[in-house]
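# A structural walkthrough
As a plain string of letters, each chain reads:
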Amino acid sequence: MISVSIAGASGYAGGELLRLLLGHGDAEVRQITSERFAGRFAQRVHPNLRGRTRLRFSTLADLTECDVLFLCLPHGESSRRIDDFRRLGGRVIDLGADFRLRDPAEYERFYGGPHPRPDLLGSFVYGIAELGRDALVRADLVACAGCNATAAILGLHPLYRAGVADSAVIEVKVGSSEAGNRSTPGSHHPERSGAMRSYKPTGHRHLAEIRAALGGDIHFSATSVEMVRGVLATCHVFVNRDLDDKALWRIYRSAYAGEPFVRLVKERSGIHRYPDPHLLGGSNYCDVGFERDPLANRVVVMSAIDNLMKGAAGQAVQAFNVMHGLPETRGLEFPGLHPA
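Residues numbered from 1 in each chain as written. Predicted model: local features only at pLDDT ≥ 70, side-chain atom pairs only at ≥ 80, totals over all residues. Heavy atoms only, no water.

### Structural notes on the overall build of the chain
Of the regular secondary structure elements, the chain holds nine helices and 14 strands. Expressed as a percentage of the 340 residues in the chain, the buried residues total 57%. Taking the intrachain contacts of the chain between residues at least 6 apart in sequence as the baseline, contacts between residues at least 24 apart amount to 68%. Accessible surface computed for the chain: about 14,700 Å², of which carbon and sulfur atoms make up 48%. When the 41 positive and 38 negative side-chain charges of the chain are each reduced to one mean point, those points stand 4 Å apart. (Helix = DSSP H or I, 4+ residues; strand = E, 2+ residues; numbered from the N terminus. Buried < 20%, exposed > 50% of the residue type's maximum accessible area, 1.4 Å probe, protein only. Contact = heavy atoms within 4.5 Å. Areas by Shrake-Rupley, 256 points an atom, 1.4 Å probe, with all protein chains shown as cover. Lys, Arg positive; Asp, Glu negative; His and termini not counted. Charge placed at Lys NZ, Arg CZ, Asp CG, Glu CD.)

### A word on the sheet that holds strand E5 (residues 89-94)
Ordered in space as E3-E2-E1-E4-E5-E7-E6, the seven strands form an open sheet in which the pairing is parallel. The sheet is open, and its two edges are formed by strand E3 (57-58) and strand E6 (125-126), each paired on a single side. Pairing between strand E1 (residues 2-7) and strand E4 (residues 66-71): four bridges, direction parallel. Residue pairing for E4: Ala-7 is matched across the bridge by Leu-71. Along the sheet, helix H9 (residues 309-323) makes contact with E1, strand E2 (27-33), E4, E5 and strand E7 (141-143), crossing E5 at roughly 145°. (Pairing = 2+ DSSP bridges. Axes fitted to C-alpha atoms, helices over the stretch in contact; angles between N-to-C directions.)

### Here we look at the side chain of Thr-53
Mapped onto the secondary structure, Thr-53 falls in the loop between E2 and E3. A polar atom in the side chain of Thr-53 sits 3.0 Å from the backbone nitrogen of Leu-55. Those residues in contact with Thr-53 that sit more than four places away from it in its chain are Leu-22 and Ala-42. (Polar contact = N/O pair within 3.5 Å; in protein donor to acceptor, adjacent residues only side chain to side chain.)

### Observations regarding empty space enclosed by the protein
Where empty space is left can be seen by rolling a probe of water-molecule size over the atoms. Tallying each qualifying case throughout the model produces one cavity of 30 Å³ or more. Val-239, Arg-241, Asp-242, Leu-243, Arg-292, Asp-293, Ala-296, Asn-297, Arg-298 and Val-299 are the residues that line the largest cavity. Those elements that provide at least two residues to the lining of the largest cavity are strand E13 (286-293) and strand E14 (298-305). Looking at side-chain class alone, the lining of the largest cavity contains four nonpolar, one polar and five charged residues. (1 Å grid on protein atoms, 1.4 Å probe; cavity = no way out; pocket = protein on both sides within 12 Å on 5 of 7 lines; lining within 4 Å. Points joined across faces, edges and corners; volume = space filled by probe spheres on them. Nonpolar A, V, L, I, M, F, W, Y, C, P; charged D, E, K, R; others polar.)

### Structural notes on the pairing of strand E10 (residues 217-224)
Among the eight residues that make up E10, six are buried, leaving the element largely enclosed by the rest of the structure. Relative to E10, strand E8 (residues 165-174) runs parallel, the two being bridged by eight bridges. Counterpart to Val-174 in the pairing with E10 is Ser-224.

### Some details on helix H6 (residues 147-161)
Along its 15 residues, H6 runs 21 Å from first to last C-alpha, staying within 8% of the 21 Å computed at 1.5 Å per residue. At Gly-155, H6 shows its largest bend, some 35°, and a proline, Pro-158, comes one to four positions later. Counting buried positions over the 15 residues of H6 gives 14, a clear majority of the element. Positioned one or two residues after H6, Gly-163 has a phi angle of 75°, which is positive. (Expected span 1.5 Å × (residues − 1). Bend = angle between axes of the 7 residues up to and from the residue.)

### Remarks on the environment of Val-137
With respect to the element layout, Val-137 can be found in helix H5 (residues 129-138). The class for Val-137 is partly exposed, based on a relative accessible area of 42%. The sequence separation of Val-137 and His-324 amounts to 187 residues, and the corresponding C-alpha distance is 7.1 Å. Excluding residues that lie within four positions of it along the chain, Val-137 makes contacts with Arg-91, Val-322 and Met-323.

### Comments concerning the domain arrangement of the chain
The domain architecture assigned to the chain consists of domain 1 (2-144 + 310-323) and domain 2 (147-307). Placing a centre on the C-alpha atoms of domain 1 and another on those of domain 2 gives a separation of 24 Å. With 25 residues of domain 1 at the interface, the matching set in domain 2 holds 36 residues. For the domain 1 and domain 2 pair, buried surface summed over both sides reaches about 2,400 Å², with 54% attributable to carbon and sulfur atoms. On the surface where domain 1 and domain 2 come into contact, there are three salt bridges. With its nearest N and O atoms 3.3 Å apart, the salt bridge here joins Arg-100 to Glu-209. At the junction of domain 1 with domain 2, the criterion picks out eleven residue pairs in polar contact (both at pLDDT 80 or more). Split by residue class, the side of domain 1 that touches domain 2 holds ten nonpolar, six polar and nine charged. (Domains from an automatic or database assignment. Buried area = accessible area lost by both parts, 1.4 Å probe. Salt bridge = Lys/Arg side-chain N within 4 Å of Asp/Glu carboxyl O.)

In structure tokens:
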């Protein structure tokens with residue numbers, strides 16, 4: 001068994017990660033931390049785990065050594081304490097944003113200040129297995145991608161890989177759990193009411209990740225909608241040649257043939273003919289679809305994920321599996337719910 005601990009296990013991503021690791025056949029969860037809930041049982045914060053574990057939250061100061069330490073901490077905490085975390089965990093998987101970028105100037109531009117540990121930027125492997133599986137096998141330090149970035153990158157990667165994309169405009173619709181919103185102070189339920197509201201029309205931090213992964217002329221905005229879980233990215237890609245459906249299918253099949261968690265969704269009819277995040281709740285899949293514009297050199301790419309799974313905890317467990325030579329789907333077999 002591989003011993004694991006979760007620093008920051010009381011948030012949404014930490015709770016999902018705990019749920020997955022408790023059912024993982026090769027992982028033993030030793031410790032979970034929360035400064036606020038130290039001493040309380042996990043089910044106090046994550047009621048879906050009633051009867052699944054008797055673990056109690058401890059503080060960061062109480063952490064002991066383990067094989068893999070997962071970090072689900074507020075922004076900035078990982079980088080400030082990374083030396084301590086590396087001493088505790090033989091391998092570190094960070095679900096936060098601290099080490100996703102390699103360029104210190106880009107970090108300062110998008111995060112509003114200098115990086116606390118610029119010497120370590122570039123030491124972390126970006127956690128999207130579909131883009132960097134070979135690097136993950138050798139990695140001791142992993143930075144999981146942002147949820148919006150994950151959806152956009154997986155949707156667009158095949159076109160950029162094939163060299164046919166000139167530019168892209170990405171609009172994502174996101175659920176309330178992405179920002180960790182609460183319905184009332186101190187509660188742990190995502191908001192379920194309220195009209196559509198602007199989330200980040202320009203300057204979103206995930207744009208830096210998308211540009212770093214794909215390159216090129218890319219623009220991004222995000223809007224929060226009435227949904228708890230999920231990301232739906234609608235990407236308008238302006239291509240440099242005329243591509244018919246057969247050519248697009250070849251490009252996407254070539255990129256994702258054999259990928260266990262990317263599904264191409266493009267049906268001729270029906271209400272589920274394109275990706276829908278409502279069908280992915282609790283699953284680690286990214287569904288990708290596309291439609292060419294017959295009036296212009298434009299391809300509309302749609303990609304959907306559960307932001308707490310493929311965009312966070314599921315991605316982390318997938319990376320964990322790759323790093324340890326385990327079946328990539330271990331602990332991630334849940335297909336999602338329908339109806340949802």
